[in-house]
Amino acid sequence: ILSDGKLPIIVGLELMEEDISQDDLKAFCAAFGTTGSSPLVHIAGITPEAKQLSPVGILLETCTQRVEITYDDVRKSYEMLDSGRSSSGGDEEDSSSAVELVAFGNPHLSLDECSELALLMSQAKKDSKVKVMATLSRHVYDLAHQRGYIEIMESFGVQFINDTCWCMLLDAPIIPPNPRAHVMTNSGKYAPIIPPNPRAHVMTNSGKYA
């Protein structure tokens, strides 16, 4: 929204280069492409066209507008996405608006993400009332199956859908028919567009799993 159709360059994350994974970039760019009107984003010191100081300087010289994004801006954006929690009055439990679906894989899960989820799920138990679904490519599914991740995730209760996107999954029984249902996702891409607009909870911890 802030870029307003222009090509932005984000500065200030240069020292975090070693901590930003390909999955982090995948998640950020997917959310950026869904919620913004710009076809591309540069991140100084991280994305290919902005890796070196010289092109970053050229990009900054061509900027016609500069916007400072504060921690408070990030918090407000998170709260806007986390509409389920805000509309249910904080942490109070409401049986009529309980989480019915946990949606992973928007964009598609990577092999590393399957590994992380398999580790977490091997140490946890799923609530029988909650459906957990994940989308990923058939290629990644086969690799994850070879490494034993799929078996662990299926034992936990994950249902897989290959070679499609959550944006195409619009109806019951995949999407809860209950209009008060909460859908939980770790995706900044999916949270704003969950149909038929049930209230979305967003998982926290820097895009990882909480």
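Residues numbered from 1 in each chain as written. Predicted model: local features only at pLDDT ≥ 70, side-chain atom pairs only at ≥ 80, totals over all residues. Heavy atoms only, no water.

Overview of the overall build of the protein chain
Scanning the protein chain for helices and strands turns up seven helices and seven strands. Taken across its 210 residues, the protein chain has 35% of its residues classed as buried. Per element, the accessible surface of the protein chain, about 12,600 Å² overall, is 55% carbon and sulfur. (Helix = DSSP H or I, 4+ residues; strand = E, 2+ residues; numbered from the N terminus. Buried < 20%, exposed > 50% of the residue type's maximum accessible area, 1.4 Å probe, protein only. Areas by Shrake-Rupley, 256 points an atom, 1.4 Å probe, with all protein chains shown as cover.)

As for the packing of aromatic side chains
Summed over the entire model, instances satisfying the criterion amount to three aromatic pairs. Relative to Phe32, the ring of Phe28 has its centre 6.3 Å away and its plane inclined at 25°; by these criteria the two rings are stacked. Placement of both Phe28 and Phe32 in helix H1 (residues 22-35) is noted, with a separation of four residues, approximately one turn of the helix. Considering the side-chain rings of Trp166 and Tyr190, the 5.5 Å spacing of their centres and the 35° angle between planes classify their relative orientation as tilted. (Phe/Tyr/Trp six-rings, centres within 6.5 Å; stacked < 30°, edge-to-face > 60°.)

Looking at the packing of helix H5 (residues 111-121) against helix H7 (residues 149-156)
When two helices pack together, their arrangement is captured by the angle between the axes and the distance separating the axes. Their axes nearest at 9 Å, the elements H5 and H7 cross at an angle of 45°. On the basis of the axis angle, H5 is oblique to H7. The handedness of the crossing between H5 and H7 comes out as left-handed. Across the interface between the two elements, Leu111, Cys114, Ser115, Leu117, Ala118 and Met121 of H5 pack against Tyr149, Ile152, Met153 and Phe156 of H7. (Axes fitted to C-alpha atoms, helices over the stretch in contact; angles between N-to-C directions. Parallel < 35°, antiparallel > 145°, perpendicular 65-115°, else oblique. Left-handed = near helix turned anticlockwise from the far one by under 90°. Contact = heavy atoms within 4.5 Å.)

Some words on a nonpolar patch on the surface
A grouping of Leu2, Val67, Ile69 and Val74 is seen on the molecular surface, where their side chains present a nonpolar patch of about 380 Å² in accessible area. If you trace the backbone, Leu2 turns up in the segment before strand S1 (9-10). Under the relative-accessibility criterion, Leu2 is labelled exposed at 54%. (Patch = residues over 30% accessible without salt bridge, like charges linked within 9 Å, V, L, I, M, F, W, Y side chains within 5 Å. Salt bridge = Lys/Arg side-chain N within 4 Å of Asp/Glu carboxyl O.)

A look at the environment of Ile194
Here Ile194 is to be found in the loop between strand S6 (182-185) and strand S7 (199-202). Along the primary structure Ile194 and Ala103 are separated by 91 residues, whereas in three dimensions their C-alpha atoms are 10.0 Å apart.

Re H1
If you check H1, its first and last C-alpha atoms are 20 Å apart, about what 14 residues at 1.5 Å a residue would give, namely 20 Å. Those residues of H1 that sit buried are Asp23, Leu25, Ala30, Ala31 and Phe32. (Expected span 1.5 Å × (residues − 1).)

As for the environment of Leu111
Examined against the element boundaries, Leu111 turns out to sit in helix H5. Leaving out residues up to four positions away in the same chain, Leu111 has contacts with Val140, Leu143, Ala144, Arg147 and Tyr149.

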